[in-house]
Amino acid sequence: MTTMISKFDGCGWLAASVSLLALTAPALAKADAGQGVEASDVIVVTATRTQLTNFDYPGLTSAISLQTLDENRPTDLIELLEDIPALEVSGGPRRTGQTLSLRGLGRENVTLLIDGARQNFNSAHDGVLFLDPALLGRVESVRGSASSLYGSGAAGGVIAFETLEADDLLDDGQSFGVRASAGYRSVNEESRGSVALVGDAGNFEGVAALSVRQSGDIELGSGDALTVEDDIVSGLLGGEWDVSDALELELGWLSFRNDSVEPNNGQGAAGVDSLNPLMNKDVSSDSLRATLRFAPSNPLINLETTLYHNIGAVDETDESLNRFIERDLTTTGIRAENRAEFALGGLDMALVTGVEWYEDEQEGTDSATADGVRGGVPSGSTRFTGVWAQLESTLDLGAAGELIVLPGVRFDQFESESDQADSNDDDALSPRIAATWAPNDSVRVFGSWAEAFRAPSLNELYLSDTHFSLPHPILGAPVFITNSFIANPDLKPEHTETLEIGAAFSHQGLFTGDDRFEIKGAWFQTDAEDLINLNVDFAFNPTCFAPPFLPCSAGTTYSENLAEAELEGFEIAAAYSVGAFELSGSLFEVDGEDKATGEPLGALQPVMGFVNARYTFEPQRLTLGGRVAFAADFDKADSVAQERDGYAVLDLHAGWTPLAEQPLRINLGVDNVFDEDYERVFAGVSEAGRSVRIDLTWTGAW
């Protein structure tokens, strides 16, 4: 994969001017504004498990609030996560083709959580996360190494999704609430509707929600259309029971179903042909969770235990060939964690200790193969066991301010097994130390050093069967030859070492008495060893060109460890507010190379960013806003085909509450106003063109 040396060709003037605006007029005002950047008093839980504020945390985090979700009504991962700096959703606009990268590290190095439960499904062709944004109450992100708390696959960071709860819709004294919403998007003719019911009966709270979506072909900025039909039904059931003053039990079930019609490969501009037929895809996901919290009147005990069971499946049918393909992944796990608060030698301390076990079981089948094995989807299992500890301490430095120190370490053991080849097992230690110096109320200087690891996945270890087919180079169709997957059970885990340094500034009353300005940024460098890379050795063997032209093959595909790689980049997030006006933005870049060859390596990003602005008119109850997303040219690539032109895309939106006494809100918007034809790095296809959207939401509580 490739990297980026940034140049402001093409859209340079706009990118430069918007970037300057984001840095000189930045920062955010309200904790609930939540346009991907959060105010200093917002508490982040995922990052530390000790409830530090975003401003004090020695790294970069952000949260997307329920208010922002209600205003934007995102439809997929691109819209949901577009305001998280250094995170890219590539693979194209089809839902099943979308995949994530964070700080140059791909999906395998980004831990995804829903209500604390790991989401480990990962497929380039079938999707990485089955989740309807209409059922969410909050999204929290941590950028940078987090393996000291979350183990394998968190070297790039963590994205934590929290589903809707009763408290999200109810105020004190209210016992019942309803939220109903409907919407339409023109770019894919998507219609949707959702309803959520919540209740509070004293020591019991519950939520029940349902969301449906139907959409068709996606009109692209290029003028082409992507063939796809989605028919989605999602449901949520959850409840919290206060068993006693010290004990709370929470149960949850999240369900997702998508009856989709699209090409077998959902990524890029994949069209329909004999090698990529149109398939009926039945996508299903069920996540079952039970969380027990025990917090007696003892500062040394604050225990949370989560048991979860996730079932993800994509079943495909090619009716023209009567072919059935299946990919199933089941994840079962338990995570227990305790937070203890105490004073030691005059220092305030918080110690988090925990243990985790989880298992992934995968099964892949294909009715068109002699042995029933699906190429690239080996059947097998992987088990992880981890223990960790993290200490948070605050040191009073007198006139020099205070110092927050966060040392932590986690130990993991893991083992993978499959009938395809020998087992693979190993262990890893993931230490981290981070600190924030606060010389005064307005300034923070922070730094961190961390080691992280990622165990090789089942797909990387036990690849087998056919990768792709193509016509014989001499005989042509109907004689087809294949590029075959080759297993490599000797893969070693990836290891990364990350250094990050940064600073933050926050001030109330910068230009006027009631304005607020914030800015926070960091530079990071990640050195990786034994990076796992998929090598496609595409080559015809000599017998393809000599009579009888058989046997013939198109090479092999296998996973391998690369010796050394380096990623580096920066993030700057800022915001400003005064009265009814809010402005926020971010600027970031990720660069990287194979240190042995100097070739680009990683899920890289050019200089990119976004700016959000909005103004609320009172008493008209009207909000007008816009968003500009921009990127410089991407030209440091393995090939010309992977290079990308820079772009700038404008979205406009408005929200109106027509009647003061009626809880009805109307949201209108135009995405990609100028119908820009642009392409994300590694997407392989233009993004969606101009889209008009309308959403109506009614909320009531009693």
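Before any of the text, the structure's been laid out above.
Residues numbered from 1 in each chain as written. Predicted model: local features only at pLDDT ≥ 70, side-chain atom pairs only at ≥ 80, totals over all residues. Heavy atoms only, no water.

So, the nonpolar core
Right, on to step 1. Leu 81, Leu 87, Leu 129, Val 139, Ile 159 and Phe 161 are the most contacted members of the largest nonpolar core, which totals 33 residues.
Right, on to step 2. Per element, the largest residue contribution to this core is four residues, and it comes from helix H3 (residues 77–81).
Right, on to step 3. Within the second largest apolar cluster, 11 residues are counted, among which are Ala 146, Tyr 150, Val 158 and Ala 160. (Core = buried A, V, L, I, M, F, W, Y, C linked by side-chain atoms within 4.5 Å. Buried < 20%, exposed > 50% of the residue type's maximum accessible area, 1.4 Å probe, protein only. Helix = DSSP H or I, 4+ residues; strand = E, 2+ residues; numbered from the N terminus.)

Some thoughts on the sheet that holds strand S9 (residues 136–143)
Right, on to step 1. Read across the sheet, five strands follow the order S3-S9-S10-S7-S8 without closing on themselves; strand pairing throughout is mixed. The open sheet terminates on both sides in strands that have one partner only, identified here as strand S3 (60–64) and strand S8 (117–118).
Right, on to step 2. In the sheet, strand S7 (residues 110–114) pairs with S8 via two bridges, with the strands oriented antiparallel. Bridge assignment links Ile 114 to a residue of S8, and that residue is Ala 117. (Pairing = 2+ DSSP bridges.)

With respect to the pairing of S9
Right, on to step 1. Counting buried positions along S9 gives eight out of eight residues, so the element sits mostly inside the fold.
Right, on to step 2. As paired strands, S3 and S9 are joined by five bridges and run antiparallel to one another. Looking at the pairing, Leu 60 lines up with Arg 143 of S9.

As for the pattern of salt bridges
Right, on to step 1. Enumeration over the complete set of coordinates arrives at 46 salt bridges.
Right, on to step 2. In this structure, the salt-bridge partner of Glu 88 is Arg 680, at a minimum N-O distance of 3.4 Å. In this pair, Glu 88 sits in strand S4 (residues 87–90) while Arg 680 sits in the loop between strand S35 (664–671) and strand S36 (691–701), placing the two residues 592 residues apart along the sequence. Of the two residues examined, Glu 88 and Arg 680, each falls in the buried class.
Right, on to step 3. For Glu 356, the salt bridge is made with Arg 335, and the minimal N-O distance between the two is 3.6 Å. Here Glu 356 is found in strand S21 (residues 347–366), whereas its partner Arg 335 is found in strand S20 (residues 323–344), with 21 residues between them in sequence.
Right, on to step 4. Judged by relative accessible area, which is 8%, Arg 335 ranks as buried.
Right, on to step 5. Bridged by salt links that share partners, the residues Asp 115, Glu 248, Glu 250, Arg 289, Arg 293 and Glu 304 form one connected network. (Salt bridge = Lys/Arg side-chain N within 4 Å of Asp/Glu carboxyl O.)

Regarding the state of the cysteines
Right, on to step 1. One pass over the full model with this rule turns up one disulfide.
Right, on to step 2. One disulfide bridge connects Cys 544 with Cys 552, the sulfur atoms lying 1.9 Å from each other. Between Cys 544 and Cys 552 the disulfide shows an S-S torsion of about 100°. By sign, it is right-handed. The two residues Cys 544 and Cys 552 agree in class, both being buried. (Disulfide = S-S within 2.5 Å.)

Focus on the sheet that holds strand S6 (residues 105–106)
Strands pair in a sheet through their backbones, by hydrogen bonds, and they do so in one of two ways: parallel or antiparallel.
Right, on to step 1. Here we have three strands laid out as an open sheet, ordered S4-S5-S6, and antiparallel in their pairing. Two strands lie at the open edges of the sheet, namely S4 and S6, each paired on one side alone.
Right, on to step 2. In the sheet, S4 pairs with strand S5 (residues 99–102) via four bridges, with the strands oriented antiparallel. Following the sheet pairing, Leu 87 is matched in S5 by Leu 102.

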